[in-house]
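Residue-level structural notes
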Amino acid sequence: KMSRIISVLTPLPDIVRELNVFQPAMVGGYATVLTLLAEEQTAGRLQIHPVLITSSGETLLPQQREQIESAFGCSLTESYGCSEATPLTLTCRYQRLHVNSDWFILEAVDESYQRIPPGERSHTVLITNLANHVQPILRYELGDSVSVYGDLCPCGSPLPSVSVVGRTDEILCLQASSGVAVRVLPLALWSVIKETEGVSRFQAIQTAPAKLAVRLEVKPSGNADTVWRALMPRVQSFLAIQGLENVLIERSARAPQRDPRSGKYRHVWADLQSQDSPNREPIRADTQ
């Protein structure tokens, strides 16, 4: 049996080429990646025939599920978990996420880390791993927002089930110098920025067809200007690989802000009416 891992940093045409050669029986990935692959499959550029699709790591919207299953002609299963608790949940035929409570304790809690009633949206989630005897993990905070169902699932499973408010980042559509629209996966951009030394929190917002504004919050021990200088070449290199050397990158004068409805921090989205003003001169992605 063989498997292959393809980085989300890989340009979409290269991902399509690799999959066409590999011809996987099962494909797993983030919802945004699977959505793009479904579009490529429908357009005929991707030609694979998996028997199962699995989605994790991002919120899977109903319309995305329908689009993906229709494009590939197979079922899609969803999971919710983390590296500290795998597999934390499994999906039943009614699309509910059932917690593997014989292995893990999942607590939906409020700001004071007190358990909330079923049906309410949690401030965060605490995980206790009952199966790891090497490294105890007790009430580890994931930072996600979930809601616990108050009734038993129609599938008959006695395991509790949850709905998850996960990442709601958007696929960006940036314009290359040739005028071609290039779609950028939010998790790829997230990885490039978040893994920069000194970054505590950020938000990347597309404010024009070929412009990004980055709101940046650095760790207490870091210096904002130093972190920005380290961040810029990483973003430049990533965009250049995607064919977006022309994109302007601005350091926003605003700090990252919570979504007023969910209370969570979104990371990547498009807002062409954004009022994010730069606190310094914009830098083009091909600047050395």
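Residues numbered from 1 in each chain as written. Predicted model: local features only at pLDDT ≥ 70, side-chain atom pairs only at ≥ 80, totals over all residues. Heavy atoms only, no water.

**Quick notes on unusual backbone geometry**
- That bond from Thr-86 to Pro-87 is cis: its omega, -5 degrees, falls within 30 degrees of zero.
- Along the chain, Pro-87 falls in the loop between β3 (75-78) and β4 (89-91).
- Phi angles above zero are rare outside glycine, and Gln-23 is one such case at about 50 degrees.
- Relative to the helices and strands, Gln-23 resides in the loop between α1 (12-22) and β1 (26-29).
- One non-glycine residue, Gln-95, lies in positive phi territory at about 65 degrees.
- Note on Gln-95: relative accessible area 38%, which makes it partly exposed. (Helix = DSSP H or I, 4+ residues; strand = E, 2+ residues; numbered from the N terminus. Buried < 20%, exposed > 50% of the residue type's maximum accessible area, 1.4 Å probe, protein only.)

**A few points about the pairing of β1**
- A one-sided burial pattern is seen for β1, the buried positions being Val-27 and Gly-29 and the unburied ones Met-26 and Gly-28.
- Read from β1 through helix α2 (residues 31-43) to strand β2 (residues 52-55), the crossover connection turns out right-handed. (Right-handed = clockwise from strand over helix to strand, strands pointing away.)

**Structural notes on the sheet that holds strand β7 (residues 124-129)**
- Taken in spatial order, the three strands line up as β6-β7-β8 in an open sheet, and their pairing is antiparallel. The sheet is open, and its two edges are formed by β6 (104-109) and β8 (137-141), each paired on a single side. Each strand axis lies, on average, 20 degrees off the axis of its neighbour in the sheet, ignoring direction.
- Pairing between β7 and β8: three bridges, direction antiparallel. In the sheet register, Asn-129 faces β8, and the bridge partner there is Ile-137. (Pairing = 2+ DSSP bridges. Axes fitted to C-alpha atoms, helices over the stretch in contact; angles between N-to-C directions.)

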